[in-house]
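Listed below, chain by chain, are the residues.
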Amino acid sequence: MTFLHIAIFIPIIWAIIVKSLERFIHRLHIGWYVLPVPVFLFIYFLTYIPIIKGGDVHYSAMHLMHHFMMDFNLYIDGLSLLFALLITGIGSLVVLYSIGYLSQKEQLSHFYIYLLMFMTAMLGVVLSDNLLMLYLFWELTSISSFLLISFWNNRARSLYGAHKSMIITVFGGVMMLGGFIIIGNIAGTFNIHEIIPQFELIQSTPSIWIAIILILLGAFTKSAQFPFYIWLPDAMEAPTPVSAYLHSATMVKAGIYLVARLTPIFSFHDLWIYSVSFVGLITLVWASFNAVKQDDLKGVLAFSTVSQLGMIMSILGLAAFGYNHGYNDAVFQVATVGAIFHLINHATFKGSLFMIVGIVDHETHTRSLKKLGGLMTLMPITTGIATVTALSMAGVPPFNGFLSKEMFIKVMYMAMDAPNNGFNNFGIIFPILAIIGSIFTFIYSIMFVIKTFGGKLNKDDIPQVPHEAPWLMLASPLILAVLVVFFGLFPNVLSETIIEPARNAMLHQSIEEHVHISMFHGVNKALISTIVIFIIGSILFYFLKSWIHLYDKHPEKLTLNYYYDRLLDFSSLIARKITQSYMTGFTRTYLVYLFSFLSGLTLFALVMKDIQYSLPKLGQITIVEITITLIIVISTTMIIIAKSRLFSIIMLSCVGYSMALFFVFFRAPDLALTQLAIETITTALFLICFYHLPKLSRHEEQRRFKIGNFIVAISVGLSVIAIGLLSLGNKTFDSISQYYIDNVYKLGAGENMVNVILVDFRGFDTLFETVVLAITGIGIYILVKLRLSKGGRRNEKTR
């Protein structure tokens, strides 16, 4: 294990420490104790830039379950380093912001534990080289995000949003795992850097399209692509720091990372190219269109995030298209640079905007655009930050969003004009959808600023007259806004350090061509389209009141949320009916299931398998053994017909002590002593427990009921006899006893063979048996705590 392995788990280790020290640090906001973790990790990952910039990669291997090809191997190249810096950098700002946002009356220790758990999960996703480990961390992000979204678990909408997020993203994760297994079986490894060189083998596999669909389901659900985006708007019920962290810069970009990472493997397949491109564009248009009708500020940003993710996804689809035509293809160059650059830009302006929404909500106690307005005079700094970041989101120069938006439109035209693009006459769809999506992006960006900060202050509508937020809350969005301006004016500061290594990582090899980003490229299609977007967007925003009512024409029955809710209700109803059909609440029913399964399985094995029915040579049966057997039979019969629990316990102990006698006559004194000890303790415990139980209630059962019990009992008895005899008569393997005799002292350094077997050779078995006993004890304790009240049932059910 290297320090890189430890670095991934530092957040979750620190969360445990903070929780342990919570009682001693209540005077200061817990966030101050958490903040050093992401800051330290951010600085730590910055130290990798010189290595990655020079064209090298860092690889740390650690065998975990090597036999199952599941190793904890970590891989740092330009792509994983970019995401690691986003996770820790934005994480630092979010923790700083949360100190001012969250009151100390909240359950802060829980919040930061969930947040740090999520940070570990995300670092694991982007740094894991092994697909199976990536999947484990992938699901950990779903679990930790569920906990964060439902942080205010007294709100029904928070729980609804958390469940929705969990159901959709876990569904996608399971599908993705299926795709990983297919790829692993084809390549003979789950290590990504070993799979990529085998793309020709993967390409020649006819069924590879199944793996592509499954993996894309995982990516699309995580990155909220159409039609799986519906969980993201409902996830906005989470505290604002969570929205700023998970839903702008990290979790929703896990799917983007996956698509970028696997592009060298699947870019040969048209299914991958068209799915990623068109699903991304459809998501862009649909989400930006719906963002305009939102009344909640967070709702606007939620649909905006979906839209921006769709935009990045569509660029990655065209990057795969360019990759398929050769990595020197201009489409690939512009697309990869555009996707990577917009990934950074989106994290800066969207993270800041989410924090601004939190400030507005914190100061006014509302996020409704119908109530807000006129905050500019009371909150000038907040207004300035919001204006800069919103204009960047709209693609207005000189901010960083303009540069990446220009690349986006440019690559759409390049894909349309590319020779042998395979789109035939449909290539024009790319720029058309890009322009439509950008127009609505411009509208909701302007709407966000004007409706919140422009116009007159509606003091009667807002619950609280606001004032400028404290600097502790303004610091993080202000830093991000400064980055928005800085990256817009000096974009090439990222070219050699971040963007080029990330581009080379997507290519899986280094190329010499340098990245240079400039503000003006002359008058071209992209610039003309941008001007058209500004003009049409401004006109539509000016006349917004005259056409906003068109959204009301969209009936609820045609929304995806409607069908999600109906499907959930229907599946719950069916599941409840099926469960109620066999979960009767009676112990006897569950025993019948277990015994019937045992009997059926035994019968199936006897009929279907080629088993030799030769019986072993049995020893001579003595009168003593017959006598003990009769005692066992008589005792068992008395248990069945007994009307007193005390008598039943005595008869049961007779069965146990008789078994001990068998061991004595079979010359196994250690087993006899063990059996006697267990039987004595069991009898004593039964007597103590049954003393506190209500009186035994019996009533006559129907003949049909008794016949059913009789059949089950006979079946189980015959099954056990058959298994025992066949086990004796069919020796598949040699006895292991000689191995123990030869190695007990040599390997276990013990002279007592039984002890060495239990403690050394079967140590894990013994450990897990102990765990089972512990779990049983906890269950019994819970049952005791849930016992019936004094007015409850006095007699037990015997059915």
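Looking at an unreviewed UniProt entry, one finds the chain named Multisubunit sodium/proton antiporter MrpA subunit, with Abyssicoccus albus as its source organism.

Engineer: Explanation requested: the nonpolar core in the structure shown.
Structural biologist: Soluble globular proteins tend to pack their nonpolar side chains together in the buried interior. Formed by 215 residues in total, the largest nonpolar core has its most connected members in Phe 45 and Trp 272. The contact partners of Trp 272, leaving out residues within four places of it in the chain, are Ile 212, Ile 215, Leu 216, Val 259, Leu 262, Thr 263, Phe 266, Ser 267 and Ala 320.

Engineer: I would appreciate a short explanation of the packing of helix α18 (residues 380–394) against helix α20 (residues 429–453) in the present structure.
Structural biologist: Axes are the key here: two packed helices are described by the angle between their axes and the distance separating the axes. The interhelical angle for the contact between α18 and α20, taken along N-to-C directions, is 170 degrees, at an axis separation of 8 Å. One way to sum up the angle between α18 and α20 is to call them roughly antiparallel. Where α18 abuts α20, its residues Thr 382, Thr 383, Ala 386, Thr 387, Ala 390, Leu 391, Met 393 and Ala 394 lie against Thr 441, Phe 442, Tyr 444, Ser 445, Ile 446, Phe 448, Val 449 and Phe 453. Among the residues forming the contact of α18 with α20, the class breakdown is 11 nonpolar, 5 polar and no charged.

Engineer: Could you clarify how one ought to interpret the confidence of the model for the chain in this entry?
Structural biologist: Note: predicted coordinates in regions of low pLDDT should not be interpreted at a detailed level. Model confidence for the chain is summarised by a mean pLDDT of 89, while 95% of its residues fall at 70 or above. Residue range residues 791–799 is modelled with pLDDT below 50. Its contacts to residues more than four positions away, or to other chains, number 19 contacts.

Engineer: When you look at the side chain of Thr 348 in this model, what are you seeing that I'm missing?
Structural biologist: Here Thr 348 shows up in helix α17 (residues 330–364). Exposure remark for Thr 348: the relative accessible area of 4% places this residue in the buried category. Setting aside its immediate chain neighbours within four residues, Thr 348 contacts Asn 400, Leu 480, Leu 483, Val 484 and Phe 487.

Engineer: Help me understand the side chain of Ser 392, please; the structure alone is not making it clear to me.
Structural biologist: Within the fold, Ser 392 resides in helix α18. Classification of Ser 392 by relative accessible area gives buried; the value is 1%. Separated by 2.6 Å, the side chains of Ser 392 and Asn 400 make a polar contact. Ignoring any residue separated from it by four or fewer positions in sequence, one finds Ser 392 in contact with Phe 349, Phe 399, Asn 400, Gly 401, Phe 402 and Val 484.

Rules behind the numbers
- Residues numbered from 1 in each chain as written.
- Predicted model: local features only at pLDDT ≥ 70, side-chain atom pairs only at ≥ 80, totals over all residues.
- Heavy atoms only, no water.
- Core = buried A, V, L, I, M, F, W, Y, C linked by side-chain atoms within 4.5 Å.
- Buried < 20%, exposed > 50% of the residue type's maximum accessible area, 1.4 Å probe, protein only.
- Contact = heavy atoms within 4.5 Å.
- Axes fitted to C-alpha atoms, helices over the stretch in contact; angles between N-to-C directions.
- Helix = DSSP H or I, 4+ residues; strand = E, 2+ residues; numbered from the N terminus.
- Parallel < 35°, antiparallel > 145°, perpendicular 65-115°, else oblique.
- Nonpolar A, V, L, I, M, F, W, Y, C, P; charged D, E, K, R; others polar.
- pLDDT = per-residue confidence, 0-100.
- Polar contact = N/O pair within 3.5 Å; in protein donor to acceptor, adjacent residues only side chain to side chain.

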